[in-house]
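What follows is the residue order along each chain.
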Amino acid sequence: MNHVLGLVRVLLWPGLFGLCLVPVWLGLAADSPALAFNATYLALAVALAVLERLLPYERQWLEPDGQILPDLLHTVLTKGFVQVVVLMTAVIGFADLVATEGGAWWPRAWPIAVQVGIGLVVVEFGLYWAHRLSHEWPFLWLFHAVHHSVERLWFFNTGRFHLVDTVVSLAFGQVLLLLAGAPGDVVIWTGAITAFIGILTHCNVDMRTGWLDYVFNTPRLHRWHHSRDPVEGNSNYGENLMLFDLLFGTYLRPSRRPPANIGIDEPMPADFLGQLAQPFRRSAEP
């Protein structure tokens, strides 16, 4: 029985991630990427909700924290905003317009899988620096702290980001992709993959990711990123890939178990509107 559970834990991350890619591919082929993505994302969320009960990584993170409503409202606001931006740039054709004006270097004749791989690296460069600056620049940290104020990691608070924090990430990541001349399908693919990896990264499921930790952002790596200890928390900035953490020396993968006591030391309002207003209040303080 232990051998079976061990195999399940090893297969969970790549299995769930791989299964999510199939509906997106079918949705693009049927010209219904938004429907395919949302249905897949919802199915993944349900699967993770069940797995968190069956195979929890931290049992104390199963206890309610009173933040379900704020987490939901943050998710609806930020994820909805991201989808509007992605659809405007990809489906409406803005991505192709930018490519025509100055992005001719993009290898559009190459296989779509290769283009998506290139797109992930381009986006990751921007996302890495947006995330890192959000920790190292005090003004941006005011907004990013909303996300780090969670005291447990589970699939439901994946989208708990201040809207300004989300806009910064999009400005650094998606804009680079558009300036590079990536076609609409690549924009959609990178957006979908970022969403799938994001919810997998935050889930409270006991997964064994092994060598995948050196390629992708995984739950094992991201739990260190949420540590209260700045030495541990100011690491593993990658959203999808760990390439730039490895290159710039911010990669952290100790052999010991990450701390279960996560969060921030600064005060954070318990309600959604208070969390939206908190960064502006603190920035106005003398």
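Residues numbered from 1 in each chain as written. Predicted model: local features only at pLDDT ≥ 70, side-chain atom pairs only at ≥ 80, totals over all residues. Heavy atoms only, no water.

(A) Just the side chain of Glu58, in detail. Following the sequence through the fold, Glu58 ends up in the loop between helix H2 (33–54) and helix H3 (68–90). We classify Glu58 as buried; its relative accessible area is 10%. Contacts of Glu58, omitting those with residues within four sequence positions, involve Asn204, Arg257, Pro258 and Ala260. (Helix = DSSP H or I, 4+ residues; strand = E, 2+ residues; numbered from the N terminus. Buried < 20%, exposed > 50% of the residue type's maximum accessible area, 1.4 Å probe, protein only. Contact = heavy atoms within 4.5 Å.)

(B) The nonpolar core, seen in detail. Core analysis: the biggest nonpolar cluster contains 33 residues, and Leu48, Phe196 and Met207 have the highest contact counts within it. At nine residues, the largest contribution of residues to this core is made by helix H8 (residues 184–202). Listed in part, the ten residues of the second largest apolar core include Leu177, Ala180, Ala182 and Val186. (Core = buried A, V, L, I, M, F, W, Y, C linked by side-chain atoms within 4.5 Å.)

(C) How the structure looks around the packing of H2 against H8. At a minimum axis separation of 11 Å, H2 and H8 run at an interaxial angle of 10 degrees. One way to sum up the angle between H2 and H8 is to call them roughly parallel. Counted together, Pro33, Phe37, Thr40, Tyr41, Leu44, Ala45 and Leu48 of H2 and Ile188, Ala192, Ala195, Phe196, Ile199 and Leu200 of H8 form the full contact between these two elements. (Axes fitted to C-alpha atoms, helices over the stretch in contact; angles between N-to-C directions. Parallel < 35°, antiparallel > 145°, perpendicular 65-115°, else oblique.)

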